[in-house]
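# Breakdown of the fold
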Amino acid sequence: MSLTQEIPATSPIGRDTPRVDGPLKVTGKAQYTSDFHFPGLLYAVPVEATIANGRIRNLDTTAAEKMPGVRAILHRQNIGKISRSVLEPGMEGICEERRPPFEDDVVRYYGQYVALVVADTFETAKAAADAVRVTYDKEKPNVETELEADDDPEVVSTTFGQHERLQSQRGDADAAFASAPIKIDQTYVTPAETHNPIELHATTAIWEGSTLTLYDSSQGVVNFRSVLAQMFDLPKENVRVITKFVGSGFGGKLFPWTHCALAAAAARKLGTPVRLVLSRKMMFQTVGHRPRTQQRVRLGATPDGKLVSLQHDYVYHRSMLDAHHEDCGETTPFQYSVPNLRVTFGRAKRNVGAAADMRGPGAVPGLYAIEAAMNELADELKMDPVRLRVINEPKIDEGLGVPFSSRHLLECFELGAEKFGWSKRTPQVGSMKRDDLTLGWGMAGCSWIAGRFAAEASVELRDDGTARVACATQDIGTGTYTNLAQLASHKTGVPLDKVDVALGDTSLPKGPLSGGSLATPSIVPAVLQAADNAIESLLSIATTIPESPFKNRKSADLAFDGGRVFLKAGVASGGVPFTDLLQRANLRLVTGNGNSEAMLGDPKPKFSTHSFGCHFVEVTWQPEIARLRVSRVVTVIDAGWILNPLAGRNQIEGAVVMGIGMALFEHTSYDPQNGAPINSNLADYVMTVNADAPPIDVYFLDYPDREINEVGARGIGEIGLAGIAAAITAAVYHATGIRVRELPVKIEDLLA
Ligand code: MOS
């Protein structure tokens, strides 16, 4: 029986629940970072380096300073001290670009900030920024796209820990490959991609005495506070970070960037609030990107399709100073059963800004390569690609040597194939037609990590019949407001529209990053425990106050259900509403706190915890006019138990749309002359738009994963983007006979 059937019909969890913040958004009342106004607010515009490699020779602010309305121009000589941040316990202190702004006069990437103009209006600040004259000692930048590892130490340290270059190994991959009767040996390339949330990065900094308040578009206010406190030498309690709504982030807003420090430094200097909103062009330069990857995959198999060897050697580009690790090999050791395996990585330094996590970091480019190679192997074997995956389904995680907490990938394939109509596929290239169109059908599997960050939450029951749930996490557009309301309503019986949700503020109980698809699984235990504790307080009040009908009973004799307190023996009595008890006790509210520990990165876990899934894709191809379209997608996801299937399907649909972009459109190109991202605007950085988005059918399996939390909910923000590009390139091959191994697939590739 699925969990959903065990949950009372009155509970909103596990049911399609429209977003509780929907009305605020559609009426324009939701306040995003740059919607907050403050008396005396000034506007900051950074000056961007126009070289990608060299040194600042001279920075002349004379003309800009004379412009009316200019309040200050900050640069290396006058910005004041900004310290570097280090990792603190509890995953705090993380930022991707380690160098604080203006720390030296070396320019390492195009667009690096070299000065900051603060003025009365945005327009003045922009005009003055353009009037700052900077001369450089310029050297040729290295933005070479061919990646050869020039930087592969045995161990790479990032803020997330240590990564060994020999990432995973078992058996003898070389020998098994050499003697394998069937082999695939191909290199797959994914380009740099840029996060393009519609809401630009924005920061407003306010100094009052020795306290700093930062309004920011952030995926993790608690970590932001830690970084800013360290940079400006403030106790954490003197820093408050507020993020009420986020117009999405995709990983680009997980950690603070240098503009946050710039806004804070300007507010410190001027003693008045300062706002800094990035331009779209800056979004391509200074706030991260998914790094370019080049991945060689070698598969060896028997003629009946059993994998005997798997080698995955990948290289990604990195900035000159920063240590982002793009973990393309994360899923390789466990996705398939194979006795001989080796995964290694190397890095290539380039004059680009710091790379960053972008939706499904590591696994998304990694699974593109592995799943594309599996599809090539299936074609080589003349075997159905689903069948090949079934044959190589592992019984345990062979990388860690432990069982999976919950893996139902074969059931995903079965359901996906049935819903898509896969059995009607004829394997010959170009053999399927509809009207005048050639059809291509392809598929791929996917996976994504599951776990938990540490989380705290509080739940209040109030005498007016409302409840309040609070947690310093944030809603980046995924539905976290709704998740918190659902969980609190489920436990307290207070209807959804009477649950206030407070989040996005470091003054609340510490909450998780909205990242790694881990926010939902992390908050579940904290909120449920907080609600239990609030109810326990209520029951203890019910047994003690003289005005209570339960006076002198024991708490253990009482039950709480649907917002009412009962004698366990007499549930039929109808009970007493909690509002009654609070009013009789003359109390405004009772509060409960909850917290849960992190469950992530344990080197010797008892279980391997991941979500799984698959995509089936149809493309249409018109060779006469070289038009390729994705016409239909069926995606099945096994992500544990789904707290809100309505928002969940929306997450997966969005990821599939983004995956079409990854396969067919998105790439950031750097100019070899000056190192600038060339297509740094929404006209030239092509993304999937509505006209490119086909009907997408999303199905969830419904197996609770009790290793993750008590309701068995894993996360779903990222998995939908994994594997989809490989399914699309397989469909492209099936339609056209052209195998594209460098994303995105371009029209010119198909004209060959
Ligand atoms: Mo996601 S890249 O962890 O926001």
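So, here is what we can say about the structure in this document. (Residues numbered from 1 in each chain as written. Predicted model: local features only at pLDDT ≥ 70, side-chain atom pairs only at ≥ 80, totals over all residues. Heavy atoms only, no water.)

### Notes on the layout of surface pockets
What counts, and what does not: Here a cavity is any set of points on a 1 Å grid over the protein atoms alone where a 1.4 Å probe fits but cannot get out, and a pocket is any open set with protein on both sides within 12 Å along at least 5 of 7 lines; a residue lines the site when it has an atom within 4 Å of a point. Grid points are joined across faces, edges and corners, and a volume is the space filled by probe spheres set on the points. Think of it this way: any DSSP run of H or I at least four residues long counts as a helix, any run of E at least two long counts as a strand, and we number them from the N terminus. For this classification, the nonpolar set comprises Ala, Val, Leu, Ile, Met, Phe, Trp, Tyr, Cys and Pro, the charged set comprises Asp, Glu, Lys and Arg, and every other residue, Gly included, is treated as polar.
Quantified by volume, the second largest pocket comes out at close to 410 Å³. Forming the walls of the second largest pocket are 19 residues, and the residues nearest its centre are Leu 664, Phe 665, Val 745, Lys 746 and Ile 747. Those elements giving two or more residues to the lining of the second largest pocket turn out to be β28 (627-638), α16 (645-664) and α18 (747-750). The biggest single contributor to the lining of the second largest pocket is β28, with four residues. The residue inventory of the lining of the second largest pocket, partitioned by class, reads twelve nonpolar, one polar and six charged.

### Focus on the sheet that holds strand β14 (residues 274-277)
Threshold: Whether two strands pair comes down to DSSP finding at least two bridges between them. As a rule, the C-alpha atoms of each element are fitted with a line to give its axis, helices using only the stretch in contact, and angles between N-to-C directions run from 0 to 180 degrees. In what follows, a contact means two residues having at least one pair of non-hydrogen atoms within 4.5 Å.
Strand order across the open sheet formed by seven strands is β3-β5-β1-β14-β11-β12-β13, with mixed pairing between neighbours. The open sheet has two edge strands, β3 (70-74) and β13 (239-242), and neither has a second partner. Strand-to-strand twist in this sheet, taken as the mean axis angle between neighbours without regard to direction, amounts to 20 degrees. As paired elements, strand β12 (residues 211-216) and β13 share four bridges and run parallel to each other. Bridging across to β13, Thr 213 finds its partner in Arg 240. Of the strands in this sheet, β1 (42-48), β3 and β5 (113-119) touch helix α4 (residues 122-131), which is tilted by about 25 degrees from β1. Sheet strands touched by helix α7 (residues 258-270): β1, β3, β5, β11 (202-208), β12 and β14. Its angle to β11, the strand with the most contacts, is close to 30 degrees.

### Concerning the environment of Ala 129
The topology assignment puts Ala 129 in helix α4. Sequence separation between Ala 129 and Leu 262 is 133 residues, and the spatial gap between their C-alpha atoms is 14 Å. Beyond its immediate chain neighbours, meaning those up to four positions away, Ala 129 contacts Val 45, Pro 46, Val 47 and Val 117.

### Remarks on helix α17 (residues 724-736)
Basically, it comes down to this: To estimate how far a helix should extend, the number of its residues minus one is multiplied by 1.5 Å. Per-residue accessibility, obtained with a 1.4 Å probe over protein chains only, is compared with the maximum for each type, and a residue is labelled buried under 20%, exposed over 50%, and partly exposed between these values.
End to end, α17 covers 18 Å across 13 residues, agreeing with the expected 18 Å (1.5 Å per residue, within 8%). Burial analysis of α17 places twelve of its 13 residues in the buried class, which makes it a mostly covered element. With its phi angle positive at about 80 degrees, Gly 737 sits one or two positions after the end of α17.

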